[in-house]
Amino acid sequence: MKTEIARKLSQVEDFRQPRISLEQYMTPPQLAADLVYAAYMRGDIENQEVVDLGAGTGMLAIGAALASGDVTAVEKDREALEVARENAGKLGVGEDIEFVESDIEELEDSFDTVIMNPPFSVHSDTGFDFIGKALEIASATYFIALASARERIKDFVENSTHEIEGLESYTISLPATYGFHTSENEEVEVDLVTTRRTQDGA
Ligand code: SAH
């Protein structure tokens, strides 16, 4: 199933013109499939209310829909959301995803599961706004973060109602548009982080 999801996700179209200020880049399909499959295996996707925060062109939301999640995709960039809709339609899950054009700060609903690849915020703390929101609105979260932020993330989660359930390392290539002061792609170490709300934090 993971291979099948990765194969389908390799057809997801990228941002037409990535906005540097929004740190837009698409999760590599293999990593997206790993994230979705890890969540699926723990019962956090199938027939669950799943939200993708900062859905971009739909990579994670579509992956979760392929794994039978009840998916909401939240994205503030209208153009990206349009591409996400097209991608979902092309991959046969257009009816299974609710697309919401919004800033994640405005979200008030609760969900079972957050999946996200938030801005890494090479120059700001936006990533932590996403993590804070995710821990607030869901009982399980699956997200990608820079390995260099690992200790801060652990502290942040420890001081919330969640605990870290899993952490796996990957190397990915970030495009030159991604806020670095270079014209080359950058190989960076990232973590796939899983958190779950603790009993007493419920
Ligand atoms: N989830 C996609 C895109 C990741 S890039 C994928 O995995 O391929 C992060 C996305 O977050 C971008 O599309 C950016 O436009 C969006 N974003 C950044 N800040 C946001 C905010 N405050 N509210 C909603 N979306 C935001």
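Q: Please explain the sheet that holds strand S7 (residues 186-197) as it appears in this structure.
A: Note on sheets: strands pair through backbone hydrogen bonds, and any given pair is parallel or antiparallel. The strand order S3-S2-S1-S4-S5-S7-S6 describes an open sheet built from 7 strands, whose pairing is mixed. Both outer strands of the open sheet, strand S3 (97-101) and strand S6 (162-174), are each paired with one neighbouring strand and no more. Averaged over neighbouring strand pairs, the angle between their axes works out to 20° when direction is ignored. Here strand S2 (residues 70-75) pairs with S3 via 5 bridges, running parallel. Bridge pairing links Val 74 to Val 100 in S3.

Q: So what exactly am I meant to see when it comes to the packing of helix H5 (residues 126-137) against helix H6 (residues 150-158) here?
A: Two measures define how a pair of helices packs: the angle their axes make with one another and the distance between the axes. In contact at an axis separation of 11 Å, H5 and H6 are set at 30° when each is read in the N-to-C sense. Compared by their axis directions, H5 and H6 come out roughly parallel. Between H5 and H6 lies a crossing of right-handed hand. Residues Phe 128, Ile 131, Gly 132 and Leu 135 of H5 lie in contact with H6, whose contacting residues are Arg 152, Ile 153, Phe 156 and Val 157. Partitioned by chemical class, the residues of the contact of H5 with H6 number 6 nonpolar, 1 polar and 1 charged.

Q: Teacher, can you tell me more about a negative patch on the surface here?
A: Where like charges cluster on the molecular surface, the negative patch consists of Glu 49, Asp 70, Glu 95, Asp 96, Glu 98, Glu 105, Glu 106, Glu 108, Asp 109 and Asp 129. As for its placement among the helices and strands, Asp 129 is situated in helix H5. Residue Asp 129 is classed as partly exposed on the basis of its relative accessible area of 41%.

Q: Help me out: how do you make sense of H5 in this one?
A: Helical periodicity: at 3.6 residues per turn, an α-helix aligns residues three or four positions apart in one direction. Look at H5: 17 Å from first C-alpha to last across 12 residues, which is about the 16 Å you get at 1.5 Å a residue. All of the buried residues in H5 are Gly 127, Phe 128, Phe 130, Ile 131, Lys 133, Ala 134, Leu 135 and Ile 137. Where H5 is buried, its residues meet strand S1 (49-53), strand S4 (111-116), strand S5 (138-146), H6, S6 and S7.

Q: Before we go on, may I ask you to explain helix H2 (residues 29-41) in this structure?
A: With 13 residues, H2 extends 18 Å between its outermost C-alpha atoms, agreeing within 8% with the 18 Å of an ideal straight helix rising 1.5 Å per residue. Taken together, the buried positions of H2 are occupied by Leu 31, Ala 32, Ala 33, Asp 34, Leu 35, Val 36 and Ala 39. Buried positions along H2 lie against helix H1 (2-9), helix H3 (59-66), S4, S5, S6 and S7. Taken from the residues just after H2, Gly 43 is the one with a positive phi, measuring 80°.

Q: When you look at the nonpolar core in this model, what are you seeing that I'm missing?
A: Residues Leu 35, Ile 62, Ile 97, Ile 115, Phe 120, Ile 172 and Val 190 are the most contacted members of the largest nonpolar core, which totals 43 residues. Listed in part, the 21 residues of the second largest apolar core include Phe 128, Ala 134, Ala 145 and Ala 149.

Cut-offs applied
Residues numbered from 1 in each chain as written. Predicted model: local features only at pLDDT ≥ 70, side-chain atom pairs only at ≥ 80, totals over all residues. Heavy atoms only, no water. Pairing = 2+ DSSP bridges. Helix = DSSP H or I, 4+ residues; strand = E, 2+ residues; numbered from the N terminus. Axes fitted to C-alpha atoms, helices over the stretch in contact; angles between N-to-C directions. Parallel < 35°, antiparallel > 145°, perpendicular 65-115°, else oblique. Left-handed = near helix turned anticlockwise from the far one by under 90°. Contact = heavy atoms within 4.5 Å. Nonpolar A, V, L, I, M, F, W, Y, C, P; charged D, E, K, R; others polar. Patch = residues over 30% accessible without salt bridge, like charges linked within 9 Å, V, L, I, M, F, W, Y side chains within 5 Å. Areas by Shrake-Rupley, 256 points an atom, 1.4 Å probe, with all protein chains shown as cover. Salt bridge = Lys/Arg side-chain N within 4 Å of Asp/Glu carboxyl O. Lys, Arg positive; Asp, Glu negative; His and termini not counted. Charge placed at Lys NZ, Arg CZ, Asp CG, Glu CD. Buried < 20%, exposed > 50% of the residue type's maximum accessible area, 1.4 Å probe, protein only. Expected span 1.5 Å × (residues − 1). Core = buried A, V, L, I, M, F, W, Y, C linked by side-chain atoms within 4.5 Å.

Honestly, that's just the spatial picture; any functional story needs more than this.
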